[in-house]
Amino acid sequence: MNERELQIKEVVKSSHHPQLNSVLVWQNDQLQAECYFNGFTAESRHNIKSVVKSILSIGIGIAQDEWLLNVDDKISKYLTEFDEGRDLRHRMITIKHLLTMSSGIFWQGGVHYHCPMMDAMRRSRNWLDYIADCKVTETPGAVHNYKEFDVILLSAILSKVTGDAFDYINEKLFIPLEIYNDRWIKSPDGVYYSPALDKEEEAVSALTAREMLKIGQLFLQKGIWKGKQIISKEYIEAAVSPSPQNSNYGYLWWLGEGWYGCRGYGGQAVTVFPEQNKIVVTQATATSRPLAYDDIWFGDL
């Protein structure tokens, strides 16, 4: 155990973080520290929750690089439910609005994924129909409102242009990076939605800490992996730039002073510090109370 790992273990102990299962620190092209707790190991798979949103953003970026779509396209071009005039503002919504969580579609959040609107949608046989029937309460592009609906619509669009969103991300991202992920959950109308919502879905979207690290490395390396351009530098720069609606949010990537990263409920995180050439990964057991690990993510580790 090196000095950096001893420091991490001391911080975890002194900060009373019993839910933390994995902490990785990568810097200057080397894995500087790799700490596991609660029986977890380098081979353990962990539910990454909404980190998948950032992965979906990568899929959209690759599709744009391949001229299959453009983030400025109206979603009505791909989703007929939003080209029927159910709401006059449907035809204003763009893919970029979905990426920045600013579609304007009504959303009433819940607690820890247990949201009445999501529950109602999941009881329906057609998720896209359900979302299209929801009123647009804000002008698209005007207000950031973190919601699952925008991500579900993105997933549907990616499947429309590629044939299958999961297969596309698997071929273009996971396989080149040697990441394994079980096939995502599919709705009755064929829309992939991967973040696990119930206990019986815990195995879905489960990655090792080292696999999560690869996502951060890909962005830090401007989209290049083993000499191959997986995703364009231009898309990455847009994805980690502040959106007009929220200076702490890009294209399904969270942003802060000197860092950007992926975030999943309960402490699943990839935090990239480009100026320090550093990445910090955490995995943790989610509890009923949302926990942040700022002393780990932003500490001097």
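From a predicted model like this one, the values you see are computed outputs, not experimental measurements.

Rules and cut-offs
Residues numbered from 1 in each chain as written. Predicted model: local features only at pLDDT ≥ 70, side-chain atom pairs only at ≥ 80, totals over all residues. Heavy atoms only, no water. Helix = DSSP H or I, 4+ residues; strand = E, 2+ residues; numbered from the N terminus. Rg over C-alpha atoms; globule rule 2.2 N^0.38 Å. Contact = heavy atoms within 4.5 Å. Areas by Shrake-Rupley, 256 points an atom, 1.4 Å probe, with all protein chains shown as cover. Lys, Arg positive; Asp, Glu negative; His and termini not counted. Charge placed at Lys NZ, Arg CZ, Asp CG, Glu CD. Core = buried A, V, L, I, M, F, W, Y, C linked by side-chain atoms within 4.5 Å. Buried < 20%, exposed > 50% of the residue type's maximum accessible area, 1.4 Å probe, protein only. Pairing = 2+ DSSP bridges.

## Comments concerning the overall build of the protein chain
Here is step 1: When its secondary structure is counted, the protein chain shows 10 helices and 10 strands.
Here is step 2: Expected size for 301 residues packed as a compact globule is a radius of gyration near 19 Å; at 19 Å, the protein chain falls within 12% of this value.
Here is step 3: When its C-alpha atoms are laid out on the principal axes, the protein chain stretches across 60 × 40 × 35 Å.
Here is step 4: By sequence separation, contacts in the protein chain at least 24 residues apart represent 64% of the contacts at least 6 residues apart.
Here is step 5: With an accessible surface of roughly 12900 Å², the protein chain has 49% of that area assigned to carbon and sulfur atoms.
Here is step 6: One way to put it: in the protein chain the 31 positive side-chain charges average out to a point 1 Å from where the 38 negative ones average out.

## A word on the nonpolar core
Here is step 1: Membership of the largest hydrophobic core comes to 82 residues, with the highest contact counts inside it found for Ile95 and Leu173.
Here is step 2: Per-element accounting of this core gives the leading share, 9 residues, to helix α6 (residues 148-162).
Here is step 3: Not counting chain neighbours up to four residues away, the residues in contact with Leu173 comprise Ile55, Ile58, Tyr168, Ile215, Leu218 and Ile230.
Here is step 4: Counting residues in hydrophobic clusters, the runner-up holds 18 residues, among them Val25, Ala33, Tyr293 and Leu301.

## Brief notes about the pairing of strand β10 (residues 278-284)
Consecutive side chains along a regular strand alternate between the two faces of the sheet.
Here is step 1: Where burial is concerned, most of β10 is hidden: 7 out of the 7 residues are buried.
Here is step 2: Here strand β9 (residues 268-273) runs beside β10; their pairing, made up of 5 bridges, is antiparallel. The residue bridging Thr271 from the neighbouring strand is Val280, located in β10.

Purely spatial values, then, with no claim about function.
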